[in-house]
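# Architecture at a glance
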Amino acid sequence: MLYGRDAERARIAELLDRARGGQSGVLVLRGEAGVGKSALLDDARERAAGMTVLSGGGVESEAQLPYAGLHQLVRPVLHHHDKLPEPQARALRGALGLETGARDEWFLVSAGVLSLLAEAAEERPLLCLVDDAHWLDDASAEALVFAARRLGAEGIAMVFAAREGDVRTFEGPGLPELRVGGLHPDDAGQLLDGHARRPLSPEARERLIAETGGNPLALLTLSSVLSEGQLAGTEPLLDPLPVSARVEHAFLARVRELPAETQILLLVAAADDSGELATILAAAEELGSGAEALDAADRAELVRIDGRRLEFTHPLVRSAVYYGAPLSKRQAAHRALADVLVDESDADRRAWHRAAGSIEPHADVVNELEHAAQRARQRSGFVAASLAFERAAAMTSEAHHQLRLLTGAVESAWFGGRLERALVLLDRARPNAREPIEQAELDRWRGLIEVNVGVPADACDLLVRGAREMAPVDSERALYMLAIASTAAGYAGDPERVVAIAESSAAVPAVDTPVTRFLARFLVGAGAFFAGAYEQAAAELRATLTLADDADASAGIMFPGLLLFAGASGLFLGDDLAASRYNGRLAAQTRESGALTLLTQTIPRYALSEIWMGRWPSAAAGLNEGRELAEQAGQRQVVGHILSNLALVAALRGDEESCRSLAAEGRELAAARRLFHVEQTARWALLQLELGRGAAEAALIGAREITRPPVTLWAGLDRVEAAVRAGEPELAREWLAPFEAWATPNGAGWALGAASHCRALLAGDNADAERLFTTALDFHSTGGRPFERARTQLAFGEFLRRARRRVEAREHLRLALDTFETLRAELWAARARTELRASGQTARRREPSTRDDLTPQELQIARLVAQGMTNREVAAHLILSPRTIDFHLRNVFRKLDISSRMQLAGLDLDGDEEAAERGSPSLASRP
């Protein structure tokens, strides 16, 4: 029976009702030990009529075993695994020990958990109860939180219970929380009256409630051990210790009253991580305790026997038993458990128990721990693997072996997203790295960490130093490190360093392979680009693109993310199609393989191409997804990159408040980590916003603050227009020169069109302007950037109106307005309407298209379905459940007034004119 808890029960009841209605939800219950979180979970289980209930939880001694908690929770529904997308199914089977040789990416495992729960919910609404979440192994916690954050229309309710104030915490960022406090004094009094062995005096009753803060477990446990005098109020209560400590002391006092054999059995059970009664009894027998010792523990209500399992009545009982015993006896219990765990399936548990039972270095124990670490990595248990490698390193005294084990711990911590831990391990490994090649390998890992979450300039130094040492023995890896260093230097806004890295790459004694050919050309091309040698850069970067496919095919897993450099080549060339192709391919590969670290880096690069192609809603949806994933992975540098790109989308749309807020947040991150590229992109967003507002002086201030490539080139037209409109033609010519020098050898239609547009602006109202505008529009007809083309049409229309050629002006102004309205570039559309009215024609505001009713996520789903993907394929791509995809797709059909996927495939979902020219009807034209 629950006393009180009306508010908590109502909150959980709402969650259950929503799940029965097809909507998912999650709640994290937080509170101190014994406050009643588990009782609320039990109450939820009893009220889950018509639902499938899955129960699991964390156990302190299982915190190093990857996916132990997850396996416990999902075991009853594992028969659905064959319905999952195969990469997810394979990863999940591997993680839970059902298949060997599976992928080693926790990202895929986490996506598989979401899909598995969604499949189970297809039969009946699902309730997942996770107790003691703070003791979940890290792999299970990450997978369950990942799934919980992506619940939608599956009919799943998830409730976590986590203790506050313990040595471990359950993070659950972004999940709704409810703090469970002590009982109201009236409810606490009813609890005492219903369970105390004799009536308490009013004074003792009031004092006990006050001392425990209404904690139910503390009330019941402490009242059961009070003396007659304390119950009567004639003797003082316990010293004012924390509630959990008091309860633990009370439990320990009850344990010490039991026979010695029972205390041995309880200690073995506390050291055990499985709860398997047979294992506990076998180990206890090794220490001289028989099965009859259970009887006393059962009578003392310290344990529960449920079939073949033994459970402590509360985690504090386990803690009291284990930590109340001397170290020597705890070690003996672990050794006994290791001796009885003889099956191969128990190899990991056996290794950890042997390690816990040992102090001195022991080769056999080190070997078992190392194998346990390798198995954990195969199951995506990177954090557990890191812990096992680290423990093994602590038990060996040989420096080279210790270095190898610590390097394995670093690598596993990196893949597990524990970057601060990885840095600590690197510091511990450094003294053992006595050879230059060993130091270079540590530099590689530290540099990779810095590139993703730290300071790019520092990463560059580390990677260059490491590549120098690596070059004589592994030229491919050395060039790869230099390519990453070059990218880091670009992010740091250090073009001279990019040039120096390119020059140093020529000294690497490269073996002629597809990878070395590709990387060498990229490094030289990047160096020429940042040196302003644009003709050489164009030739080298074009060559890089021709070599990319062969290099990627031969790279394997040795050089993850190799296509990032091909995508960067496309961006440096202004080749939107190449940038989109390679960044899009890499994004697809990383989704398929579950390489989250690379996916988050790829998303903002791919989004740039989508922005330039006019696919702003799709770009925003992808960027928001990437922001969530990068924040979850702790990749603050990537978050900054994404924020600055989101600010650019907001500027183009004319959303001033969002643009300024996102740019400020991005610049704050940039300042903390010296992310020069992020800072420059954020300033570019603000420049775009001021141009749209017609604020010439403010735009010029922003343009002056953009000082380094590639942003100076990508923003070439914006900077020149800002200078011209602010009355600074000489400055505009100064800025135009490098832009033209870059655009000419690259040959991108949009860039050549923008250069002619700039020339036309500088020509003012003379005859040359008309020719230059016409040339610009010719280039834009093949350029693929609708927004840039519309800006040229607007500027040409303005020129013609000033020349009193109003009829000719209207044609260009109407085309510009149509594109701006299609793109929903509100500020630019307003400028076009004003010009059109000035030309003598009323510009009727277009009715919003049905596409405008779609949310970014709905538009993203609609585009993927229109490409021919099934709901399950879309779900796997976007890391959502098929039922959530179906829910959003029904909304898409309703909003677009269509009824089939075939109709959806025939619509122009991007709103660009190129799609319409290919025969796809524009949504804007629909009735």
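Located above this text is the structure these notes cover.
Next up on the list: the overall build of the chain. Looking only at helices and strands, the chain has 48 helices and 7 strands in total. Whereas a compact globule of 927 residues would reach a radius of gyration of roughly 30 Å, the chain reaches 33 Å, a difference of no more than 12%. If you line up the chain on its principal axes, its C-alpha atoms span 105 × 65 × 50 Å. Among the 927 residues that make up the chain, the fraction classed as buried is 60%. Within the chain, contacts between residues at least 6 apart in sequence are counted, and of these 69% link residues at least 24 apart.

So, on to the side chain of Ser289. Mapped onto the elements of the fold, Ser289 is located in the loop between helix H13 (277–286) and helix H14 (294–299). By relative accessible area, which is 3% here, Ser289 ends up buried. Of the polar contacts made by the side chain of Ser289, one reaches the backbone oxygen of Glu261; its length is 2.8 Å.

Below, the discussion takes up helix H25 (residues 495–505). Among the residues of H25, those classed as buried are Pro495, Val498, Ile501, Ala502 and Ser505. With its buried residues spanning 115° around the axis, H25 presents them on a single face. Set apart from the buried face of H25 by more than 90 degrees, the exposed residues are Glu496 and Glu503. Considering only its buried residues, H25 is in contact with helix H23 (456–470), helix H24 (475–491) and helix H26 (514–531).

So, about the side chain of His353. As for its position among the elements, His353 is in helix H17 (residues 347–356). Relative accessible area serves as the criterion here: at 4%, His353 is assigned to the buried category. Setting aside its immediate chain neighbours within four residues, His353 contacts Ala271, Asp272, Asp273, His334, Arg335, Leu337, Ala338 and Leu341.

With the rule as written, the count across this model stands at 9 cavities of 30 Å³ or more. Volume-wise, the largest cavity comes out at about 240 Å³. Going through the elements one at a time, H24, H26, helix H28 (563–573) and helix H30 (596–612) are the ones with two or more residues in the lining of the largest cavity. Sorting elements by how many residues they give to the lining of the largest cavity places H24 first, with 4 residues. Within the lining of the largest cavity, the residues separate by chemical class into 10 nonpolar, 5 polar and 1 charged. Volume-wise, the second largest cavity comes out at about 120 Å³. Forming the walls of the second largest cavity are Ile611, Trp612, Trp616, Leu648, Leu652, Trp684, Gln688, Trp714, Asp718, Arg785, Phe787 and Glu788. Elements that contribute at least two residues to the lining of the second largest cavity include exactly H30, helix H32 (636–653), helix H34 (676–693) and helix H41 (786–802). Among the residues making up the lining of the second largest cavity, the classes are represented as 8 nonpolar, 1 polar and 3 charged.

This paragraph deals with the environment of Val455. Take Val455: it is sitting in the loop between helix H22 (436–453) and H23. For the pair Val455 and Gln23, spaced 432 residues apart in sequence, the C-alpha to C-alpha distance is 42 Å. If sequence neighbours within four positions are ignored, Val455 has contacts with Glu450, Arg673 and Arg674.

On to the nonpolar core, then. By size, the foremost hydrophobic cluster in this structure holds 230 residues, and its most contacted members are Met158, Phe160 and Phe820. If we skip the residues at most four places from it in the chain, Met158 touches Leu15, Gly25, Val26, Leu27, Leu117, Cys128, Leu144, Ala148 and Leu151. Core analysis: the next-biggest nonpolar cluster, separate from the first, contains 49 residues, Ala33, Val247, Val268 and Ala320 among them.

This part is about a negative patch on the surface. The grouping of Glu261, Glu292, Asp295, Asp298 and Glu301 at the surface amounts to a negative patch. Topologically, Glu301 is positioned in the loop between H14 and strand S6 (303–306). Glu301 gets classed as exposed once you look at its relative accessible area, which sits at 57%.

Under the defined criterion, the tally for this structure stands at 65 salt bridges. In this structure, Arg497 engages Asp461 in a salt bridge whose closest nitrogen and oxygen atoms are separated by 2.7 Å. In this pair, Arg497 sits in helix H25 while Asp461 sits in helix H23, placing the two residues 36 residues apart along the sequence. Take Arg497: its relative accessible area is 23%, and that puts it in the partly exposed class. One salt bridge in this structure joins Arg725 and Glu721, with 2.7 Å as the shortest N-O distance. With Arg725 and Glu721 both in helix H37 (residues 716–725) and 4 residues apart, this pair spans about one turn of that helix.

Spatial strand order, S2-S3-S4-S1-S5: 5 strands in an open sheet with parallel pairing. Edge positions in the sheet fall to strand S2 (52–57) and strand S5 (177–179), since each has one partner strand and no second. For this sheet, the mean angle separating the axes of adjacent strands, direction not counted, is 15°. Examined bridge by bridge, S2 and strand S3 (residues 126–131) share 6 bridges and lie parallel to one another. By the bridge assignment for S3, Val53 is matched with Leu127. Packed onto the sheet, helix H2 (residues 37–46) meets strand S1 (25–31), S2, S3 and strand S4 (156–163) and runs at close to 160° relative to S3.

Calculation rules
- Residues numbered from 1 in each chain as written.
- Predicted model: local features only at pLDDT ≥ 70, side-chain atom pairs only at ≥ 80, totals over all residues.
- Heavy atoms only, no water.
- Helix = DSSP H or I, 4+ residues; strand = E, 2+ residues; numbered from the N terminus.
- Rg over C-alpha atoms; globule rule 2.2 N^0.38 Å.
- Buried < 20%, exposed > 50% of the residue type's maximum accessible area, 1.4 Å probe, protein only.
- Contact = heavy atoms within 4.5 Å.
- Polar contact = N/O pair within 3.5 Å; in protein donor to acceptor, adjacent residues only side chain to side chain.
- Arc of directions from axis to C-beta.
- 1 Å grid on protein atoms, 1.4 Å probe; cavity = no way out; pocket = protein on both sides within 12 Å on 5 of 7 lines; lining within 4 Å.
- Points joined across faces, edges and corners; volume = space filled by probe spheres on them.
- Nonpolar A, V, L, I, M, F, W, Y, C, P; charged D, E, K, R; others polar.
- Core = buried A, V, L, I, M, F, W, Y, C linked by side-chain atoms within 4.5 Å.
- Patch = residues over 30% accessible without salt bridge, like charges linked within 9 Å, V, L, I, M, F, W, Y side chains within 5 Å.
- Areas by Shrake-Rupley, 256 points an atom, 1.4 Å probe, with all protein chains shown as cover.
- Salt bridge = Lys/Arg side-chain N within 4 Å of Asp/Glu carboxyl O.
- Lys, Arg positive; Asp, Glu negative; His and termini not counted.
- Charge placed at Lys NZ, Arg CZ, Asp CG, Glu CD.
- Pairing = 2+ DSSP bridges.
- Axes fitted to C-alpha atoms, helices over the stretch in contact; angles between N-to-C directions.

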